[in-house]
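Okay, here's what each chain looks like letter by letter:
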Amino acid sequence: VQVDVSEQDGTKIVTVSGRVEQPGSRKLREALEMLVSGEKPKIAADLSQVNYLDSSALGVLVSTLKSAKSRGGDLRLSGLRDMVMDVFRITRLSSIFQIYPTLSDALNGFKEETSLPSG
């Protein structure tokens, strides 16, 4: 499992590739925990290079989403391959995550929210 972290316009980007299963999900958890520690964390995960996720990886994503939301932020997923998307549908996780076709769509989603007038 390869996990790369970068940043664009205030949004943290996690690019994951390979099969995400134990012990690779530990690597993913460590990367995401660092990103979610700040105030209002905005995290976009690019999963376009992931061909398999096991239950431990799903658990990492769900706990990161909860952490981010509890701090006023969000974790958004992008680029899910059909097989990975099926896992999200079957587990009904597709209803709790915002899932975008591409990373740039996910990043634009964050941008649009920040440019909306508040109140």
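None of the values given here were measured: they were computed from a predicted structure.

Give me the packing of aromatic side chains: which residues, what numbers.
Tallied over the full model, the rule gives one aromatic pair. Ring plane angle 80° and centroid distance 5.8 Å describe the contact between Phe 88 and Phe 97, whose orientation is recorded as edge-to-face. Here Arg 76 stacks its cationic end above the ring of Phe 110, 4.0 Å away from the centre of that ring.

Could you give an account of the side chain of Asp 46, with specific residues and numbers?
Tracing the sequence through the fold places Asp 46 in strand E3 (residues 42–53). Salt bridges are absent for the buried Asp 46, whose nearest opposite-charge side chain, Arg 81, sits at 8.8 Å. Not counting the four nearest positions on each side in its chain, Asp 46 is found in contact with Val 14, Thr 15, Val 16, Ser 78 and Leu 103.

For the nonpolar core, give the residues involved together with the corresponding values.
Counting residues in hydrophobic clusters, the biggest one holds 29 residues, and the most contacted among them are Leu 28, Leu 53, Leu 61, Leu 77, Phe 88 and Phe 97. Those elements that provide at least two residues to this core are strand E2 (11–20), helix H1 (24–35), E3, helix H2 (55–70), strand E4 (74–78) and helix H3 (82–90). A per-element tally of this core places H2 first, with seven residues. In contact with Leu 77, not counting residues within four places along its chain, are Ala 45, Leu 47, Leu 61, Phe 88, Phe 97, Gln 98, Ile 99 and Tyr 100. Core analysis: the second largest hydrophobic core is formed by seven residues, Ile 13, Tyr 100, Ala 106 and Phe 110 among them.

Describe unusual backbone geometry, and please don't skip the residues or the numbers.
The omega torsion of the bond from Gln 22 to Pro 23 falls at 0°, within 30 degrees of zero and hence cis. With respect to the helices and strands, the residue Pro 23 is situated in the loop between E2 and H1. Of note in the backbone geometry, Asp 9 takes a positive phi value of approximately 50° without being a glycine. For Asp 9, the location among the structural elements is in the loop between strand E1 (2–8) and E2. Judged by its relative accessible area of 55%, Asp 9 falls in the exposed class. The phi angle at Arg 92 is positive, at roughly 65°, despite the residue not being glycine. Here Arg 92 is to be found in the loop between H3 and strand E5 (98–100).

Quick rundown of H2? Include the residues and the values.
Taking 1.5 Å per residue as the helical rise, H2 with its 16 residues ought to reach 22 Å, and the 22 Å between its terminal C-alpha atoms agrees with that figure. Buried within H2 are the following residues: Ser 56, Ala 57, Leu 58, Val 60, Leu 61, Val 62, Thr 64, Leu 65 and Ala 68. Each element contacted by the buried residues of H2 is listed here: E2, H1, E3, E4 and H3. Once H2 finishes, Gly 72 follows within two positions and takes phi at roughly 85°, a positive value.

What counts and how
Residues numbered from 1 in each chain as written. Predicted model: local features only at pLDDT ≥ 70, side-chain atom pairs only at ≥ 80, totals over all residues. Heavy atoms only, no water. Phe/Tyr/Trp six-rings, centres within 6.5 Å; stacked < 30°, edge-to-face > 60°. Lys NZ or Arg CZ within 6 Å of the ring centre and 35° of its normal. Helix = DSSP H or I, 4+ residues; strand = E, 2+ residues; numbered from the N terminus. Buried < 20%, exposed > 50% of the residue type's maximum accessible area, 1.4 Å probe, protein only. Lys, Arg positive; Asp, Glu negative; His and termini not counted. Salt bridge = Lys/Arg side-chain N within 4 Å of Asp/Glu carboxyl O. Contact = heavy atoms within 4.5 Å. Core = buried A, V, L, I, M, F, W, Y, C linked by side-chain atoms within 4.5 Å. Expected span 1.5 Å × (residues − 1).

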